[in-house]
Amino acid sequence: MRVVVAIIQPTKLSNVRDALRELDVEDMTICDAMGYGRQRGQSALFRGNEYKVDLLRKVVVEIMVHEDQLEHVIDAITRQALTGSAGQIGDGKIFVLPVADVIDMADEHPEYEPGW
């Protein structure tokens, strides 16, 4: 098992979620986040004054996948999260992490069993 953590632009969330649903991946955690990276923020005008916004809004999508789904999930996220044909700075990142253990807290009598 692996955990795929994708940090994407909020406007791309519905496209990514729909693409994952087509792969029968429906269990995911989605969180709002603020980020600062190579994009270096944005400048904006408010009542005639210019100010810089350093932290930009992002969305973090966390998905637990089996090894045989991993490449399909990464491909679907990448295709749907890019802006334009080649993408741009600020489109996001995808991290893939190994899963050591999974403990289901909803079990009536939880017993710790390493692995999944």
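Residues numbered from 1 in each chain as written. Predicted model: local features only at pLDDT ≥ 70, side-chain atom pairs only at ≥ 80, totals over all residues. Heavy atoms only, no water.

**What to know about the overall build of the protein**
Helix and strand counts for the protein come out as two helices and six strands. Counted from the first residue to the last, the protein has its helices and strands arranged as β-α-β-β-β-β-α-β. Counting every position in the protein, which comprises 116 residues, the buried fraction comes to 24%. For the protein, contacts bridging at least 24 residues in sequence account for 69% of all contacts bridging at least 6. Carbon together with sulfur atoms contributes 50% to the accessible area of the protein, which is approximately 8400 Å² in total. (Helix = DSSP H or I, 4+ residues; strand = E, 2+ residues; numbered from the N terminus. Buried < 20%, exposed > 50% of the residue type's maximum accessible area, 1.4 Å probe, protein only. Contact = heavy atoms within 4.5 Å. Areas by Shrake-Rupley, 256 points an atom, 1.4 Å probe, with all protein chains shown as cover.)

**Quick word on the pairing of strand E5 (residues 56-65)**
Taken across its 10 residues, E5 has seven buried, putting it largely inside the fold. Of the strand pairs in this sheet, strand E1 (residues 2-8) and E5 are connected by seven bridges, and their pairing is antiparallel. Within E5, the position partnered with isoleucine 7 by the bridge is valine 60. Strand direction decides the pairing type here: strand E2 (residues 29-35) and E5, joined by seven bridges, are antiparallel. Paired with threonine 29 across the bridge in E5 is glutamate 62. (Pairing = 2+ DSSP bridges.)

**Considerations on the pattern of salt bridges**
The tally for this structure, following the rule as stated, stands at four salt bridges. Of the charged contacts in the structure, one is a salt bridge between aspartate 32 and arginine 57, with a shortest N-O distance of 2.7 Å. Taken as a pair, aspartate 32 in strand E2 and arginine 57 in strand E5 lie far apart in primary sequence, 25 residues in all. Since its relative accessible area comes to 59%, aspartate 32 is described here as exposed. (Salt bridge = Lys/Arg side-chain N within 4 Å of Asp/Glu carboxyl O.)

**Let's talk about the packing of helix H1 (residues 13-22) against helix H2 (residues 70-81)**
At their nearest, the axes of H1 and H2 sit 9 Å apart, and the two run at 150° to each other. Between H1 and H2, the angle is such that the two are roughly antiparallel. Relative to H2, H1 is oriented so that their crossing is right-handed. The segment H1 lies against H2, with Asn15, Val16, Ala19 and Leu20 engaging Val73, Ala76, Ile77, Gln80 and Ala81. Class assignment of the residues belonging to the contact of H1 with H2 gives a composition of seven nonpolar, two polar and no charged. (Axes fitted to C-alpha atoms, helices over the stretch in contact; angles between N-to-C directions. Parallel < 35°, antiparallel > 145°, perpendicular 65-115°, else oblique. Left-handed = near helix turned anticlockwise from the far one by under 90°. Nonpolar A, V, L, I, M, F, W, Y, C, P; charged D, E, K, R; others polar.)

**Some words on the confidence of the model for the protein**
Detail in the predicted coordinates should be disregarded across regions flagged by low pLDDT. Looking at the protein as a whole, its pLDDT mean stands at 84, while 79% of the residues score no less than 70. Ranking the elements of the protein by mean pLDDT puts strand E3 (residues 42-46) last with 65 and E1 first with 96. (pLDDT = per-residue confidence, 0-100.)

**Some words on the nonpolar core**
One finds Ile8, Leu20, Ile63, Val73 and Ile77 to be the most contacted residues of the largest nonpolar core, which totals 17 residues. When residues of this core are traced back to their parent elements, those giving at least two are E1, H1, E5 and H2. Among the elements that take part in this core, H2 stands out by supplying five residues, more than any other. Not counting residues up to four positions away in its chain, the partners in contact with isoleucine 77 are Val4, Ala6, Val16, Leu20, Ile63 and Ile94. (Core = buried A, V, L, I, M, F, W, Y, C linked by side-chain atoms within 4.5 Å.)

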